[in-house]
Amino acid sequence: MTQNIQIHDRTQDEEGGHLCMSRRQFLLSGGAVVSLAAMPGLAQAAAIKAGYARKKIGKLSALKAGEPVAFNYPFADVRNILVKVGAPAGGGIGPEKDVVAFNQQCTHMGGPLEGTYKAKYQALGPCPLHLTTFDLTRHGMVISGHATESLPQIVLEVQGDDIYATGVMGLIYGYAANTGRA
Ligand code: FES
C-alpha cells in the first residue's frame, strides 16, 4: 500500500531557523496536504478542522468580558457561545486576542453546557451530567471530568468591528463528520 503524504514546509522562520509548531498550531496553519485515500486511519484527523460558509456572529464593541453571547453555527441546531474571556486565549481574536467561541455540547455524551460559563476561571462547565469542565483559554481542553476530547472551537475572523465564524475545529457531538448529522 502506497502512503502519500505531502506536507508543505512552514517550519522555516525568516532567518532560516526552525520553528517548533505544536500539533494544534500545525492544524490551524492549514499547512498540511494529506492524501487520505490510502490512509483511512487519518480520516478522523481530517475532521478536526472543517470550513463552513462565513457567517457574521457579532461585534467586538458589543462584547463585555465574562458575558457569553449565544449563537448557532454552522447549522441551526448547533449551539455555541462567543465570549470575551479577558485574557489571551488560543485562537482568540480582537486587540487582546481574548475573544473565542465554542460549541456548547459536552464531548463526553453531549451534555448541555448552556449557562455554565465561569468567568472567574475562564471555563465552561461543569457539565450537568458527569461534571466535565473545559478551559476556554486553551482551545477548550478538558480541565477535569469524564470527557477526553476538547470542546469544538469555532474558528473566528475579525473585520473591523465585525466578528465572523468561518469553521469548526473539532468534531461536534453527534456528528460523524463536521459536514452533517450522522
Ligand atoms: S456528558 Fe458531559 S461529562 Fe458526561
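Residues numbered from 1 in each chain as written. Predicted model: local features only at pLDDT ≥ 70, side-chain atom pairs only at ≥ 80, totals over all residues.

A.B. asks: I tried to follow the confidence of the model for the protein on my own but got confused; where do I start?
C.D. replies: As a note on interpretation, predicted positions should not be read in detail where pLDDT is low. With 71% of its residues at a pLDDT of 70 or more, the protein shows a mean pLDDT of 80. In the predicted structure, residues 1–21 sits below a pLDDT of 50 and forms 22 contacts with residues beyond four places in sequence or in another chain. Segment residues 26–47: pLDDT under 50, and 28 contacts once partners within four positions in sequence are set aside and those in other chains are kept. (pLDDT = per-residue confidence, 0-100. Contact = placed C-beta atoms within 7 Å.)

A.B. asks: Would you mind going over the sheet that holds strand β8 (residues 123–124) with me for this structure?
C.D. replies: Across a sheet, paired strands are connected by hydrogen bonds in the backbone, their directions being either parallel or antiparallel. With antiparallel pairing, the four strands of this open sheet are ordered in space as β7-β8-β9-β10. The open sheet terminates on both sides in strands that have one partner only, identified here as β7 (117–118) and β10 (141–144). With two bridges connecting them, β7 and β8 associate as antiparallel partners. Residue Lys-118 lies in a different strand from β8, and its bridge partner there is Ala-123. (Pairing = 2+ DSSP bridges. Helix = DSSP H or I, 4+ residues; strand = E, 2+ residues; numbered from the N terminus.)

A.B. asks: Explain the pairing of strand β12 (residues 162–169) here, please?
C.D. replies: Consecutive residues of a regular strand have side chains that alternate between opposite faces of the sheet. With seven bridges joining them, strand β11 (residues 153–159) and β12 adopt antiparallel strand pairing. Counterpart to Leu-156 in the pairing with β12 is Ala-165. Connecting β11 to the next strand, β12, in antiparallel fashion are two residues, including Gly-160 with a positive phi near 65°.

A.B. asks: Honestly, the nonpolar core in this entry has me stumped. Any pointers?
C.D. replies: Buried together is how nonpolar side chains tend to be arranged in soluble globular proteins. One finds Val-83, Val-100, Ala-101, Phe-102, Leu-124, Leu-136 and Ile-154 to be the most contacted residues of the largest nonpolar core, which totals 29 residues. Looking at this core, the elements that each hand over two or more residues are β5 (79–84), β6 (99–103), β8, β11 and β12. Those residues in contact with Val-100 that sit more than four places away from it in its chain are Val-83, Val-85, Ala-89, Gly-91, Gly-92, Leu-136 and Gln-153. (Core = buried A, V, L, I, M, F, W, Y, C linked by C-beta atoms within 7 Å. Buried ≥ 20, exposed ≤ 12 C-beta atoms within 10 Å, placed from the backbone.)

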